[in-house]
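Structural overview
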Amino acid sequence: MTEIDDAVIALNRDGYVLLDDMLPRARCSELVDMLEDTHTLMSPYYAANAAAGHRLNFHEDEKIVYNLHNKNLAFLDFIDPEPVFGIVERFLQQGSYRQDDPVVLRQNTGRTPMPGGPAQQLHIDSRLPGGAFPLMAVVTWMLEDFTDENGATRIVPGTQRRAEFPPDDTAVPEEISITGPRGSVLIMDGAVWHGGGANRSVNTRWCVLSTYVRWFLKTAFDFSQNMPADFYAQLTARQKQIMGFTTQPPLDEFTRISARSEEPEPPAPYALPTDGKS
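Here the structure is a predicted model, which is why all the values come from computation and not from measurement.

1. Concerning the pairing of strand S2 (residues 62-65)
Side-chain alternation along S2 places Glu62 and Ile64 on one buried face and Lys63 and Val65 on a second face that is also buried. Direction of pairing for S2 relative to strand S3 (residues 103-113): antiparallel, over a ladder of 4 bridges. Looking at S3, one finds that Lys63 is bridged to Thr112.

This is how it looks when you write it as structure tokens:
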């Protein structure tokens, strides 16, 4: 069996797989610096956050950089790197017609819990628990060491098969902590119970989070409206498909009838709020 086969077996069985040495340590440090600088520049422009309803909607205990694809060309490398994307694609094509439906990027962010930040509630990202086939894969690129002290991801193995949500504010004895050195990659089924740990250190724990879904599911942001033209020009044909530029819904029946287009449809003009500002 191939590396991809082994990884998909682990994902189906445990709900996650951990890969070592996917990024050089020096590159990880460069990316952390990019994320810190980008967060400082962009976060003052974020839309107001309403923390109602759920602890996961409360972001004062973390730093997040959204939509990495329009912040720095370096982050385009995270759209479809191998072997990671090959694993994700094979995993999410299970059950589709001829096992070859497209897979698209739903969200790509950078995140770190703040020092002293509490643990997240165990949750799922796929919105629907259980199910015969996976709907979502979450890829965590560890740009800094993930340790028990700085809030490594917690997972309850095998729970992607449970047709229920994790209990609120309740410890689950089967929970484990996924630690690893910078440069490691954690791939999860979006339906597995998981949550960030408490950051009991004085350090950050930056990662890049890339979430992939089946092509007919909604993205977290409208990439057709927020990709600058000069960034779009750098994408390969495969990256344009993964970013959803061949799966945008048609305007009407006079424009196109199929839910998918044969050629990528370029994004609308877009500029970041910081463009042109010193």
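After presenting the structure, the write-up continues.
2. Quick word on the packing of aromatic side chains
A complete count under the given rule lists 7 aromatic pairs for this structure. The interplanar angle of 85° and the centroid separation of 5.9 Å between the aromatic rings of Trp215 and Phe216 together place this pair among those described as edge-to-face. Cation over ring: Arg162 sits above Trp193, and NZ or CZ is 4.6 Å from the ring centre. Geometry around Trp215 places Arg260 over its ring, the cationic atom sitting 5.1 Å from the centre.

3. A look at the sheet that holds strand S8 (residues 193-196)
Strand order in the open sheet formed by 3 strands is S6-S5-S8, with antiparallel pairing between adjacent strands. In the strand order of this sheet, the two ends are held by strand S6 (176-178) and S8, each with one partner. Neighbour to neighbour, the strand axes of the sheet diverge by 30° on average, direction disregarded.

4. Here's the deal with the sheet that holds strand S1 (residues 16-19)
Here we have 6 strands laid out as an open sheet, ordered S1-S7-S4-S9-S3-S2, and antiparallel in their pairing. On the outer flanks of this sheet lie S1 and S2, each paired with one strand and no other. The average undirected angle you get between the axes of adjacent strands in this sheet is 20°. The sheet contact formed by strand S4 (residues 136-142) and strand S9 (residues 207-214) spans 7 bridges and is antiparallel. Looking at S9, one finds that Val138 is bridged to Thr211.

5. Here we look at helix H1 (residues 3-14)
With 12 residues, H1 should reach 16 Å at 1.5 Å per residue; the first-to-last C-alpha distance of 16 Å fits that figure. Along H1, the positions that sit buried rather than exposed are Ile4, Ala7, Val8, Ala10 and Leu11. Seen from one end, H1 has its buried residues packed into an arc of 160°, which puts them on one side. Each element contacted by the buried residues of H1 is listed here: S1, helix H3 (84-92) and strand S7 (185-189). At the exit of H1 stands Gly15, carrying a positive phi of roughly 90°.

6. What about the pattern of salt bridges?
Inspection of the entire model under this criterion finds 11 salt bridges. Among the salt bridges present, the one from Arg13 reaches Asp14, with a minimum N-O distance of 2.9 Å. Of the charged contacts in the structure, one is a salt bridge between Asp101 and Arg260, with a shortest N-O distance of 4.0 Å. Placement of Asp101 in the loop between H3 and S3 and of Arg260 in the segment after helix H6 (237-242) is noted, with a sequence separation of 159 residues between them. Each of Asp80, Glu82 and Arg238 takes part in salt bridges that share partners, so that together they form one network.

7. A closer look at the layout of surface pockets
Take a probe with the size of a water molecule and roll it over the atoms, and the empty space left behind shows itself. Roughly 290 Å³ of internal volume is contained in the second largest pocket. Along the wall of the second largest pocket there are 15 residues; nearest its centre are Leu217, Thr219, Thr247, Gln248 and Pro249.

8. Some words on the nonpolar core
Core analysis: the largest hydrophobic core is formed by 45 residues, its most contacted members being Leu143, Ile187 and Tyr212. Top contributing element to this core by residue count: H3, with 6 residues. Within the second largest apolar cluster, 16 residues are counted, among which are Tyr16, Met136, Ala152 and Val213.

9. Examining the packing of H1 against H3
The contact between H1 and H3 brings their axes to 9 Å, and the two run at 55°. Put simply, H1 runs oblique to H3. Once H1 is placed against H3, the crossing between them reads as right-handed. Contact residues: Ile4, Asp5, Ala7, Val8, Leu11 and Asn12 in H1; Gly86, Ile87, Arg90 and Phe91 in H3. Classifying every residue of the contact of H1 with H3 gives 6 nonpolar, 2 polar and 2 charged.

So, how was this worked out
- Residues numbered from 1 in each chain as written.
- Predicted model: local features only at pLDDT ≥ 70, side-chain atom pairs only at ≥ 80, totals over all residues.
- Heavy atoms only, no water.
- Buried < 20%, exposed > 50% of the residue type's maximum accessible area, 1.4 Å probe, protein only.
- Helix = DSSP H or I, 4+ residues; strand = E, 2+ residues; numbered from the N terminus.
- Pairing = 2+ DSSP bridges.
- Phe/Tyr/Trp six-rings, centres within 6.5 Å; stacked < 30°, edge-to-face > 60°.
- Lys NZ or Arg CZ within 6 Å of the ring centre and 35° of its normal.
- Axes fitted to C-alpha atoms, helices over the stretch in contact; angles between N-to-C directions.
- Expected span 1.5 Å × (residues − 1).
- Arc of directions from axis to C-beta.
- Contact = heavy atoms within 4.5 Å.
- Salt bridge = Lys/Arg side-chain N within 4 Å of Asp/Glu carboxyl O.
- 1 Å grid on protein atoms, 1.4 Å probe; cavity = no way out; pocket = protein on both sides within 12 Å on 5 of 7 lines; lining within 4 Å.
- Points joined across faces, edges and corners; volume = space filled by probe spheres on them.
- Core = buried A, V, L, I, M, F, W, Y, C linked by side-chain atoms within 4.5 Å.
- Parallel < 35°, antiparallel > 145°, perpendicular 65-115°, else oblique.
- Left-handed = near helix turned anticlockwise from the far one by under 90°.
- Nonpolar A, V, L, I, M, F, W, Y, C, P; charged D, E, K, R; others polar.

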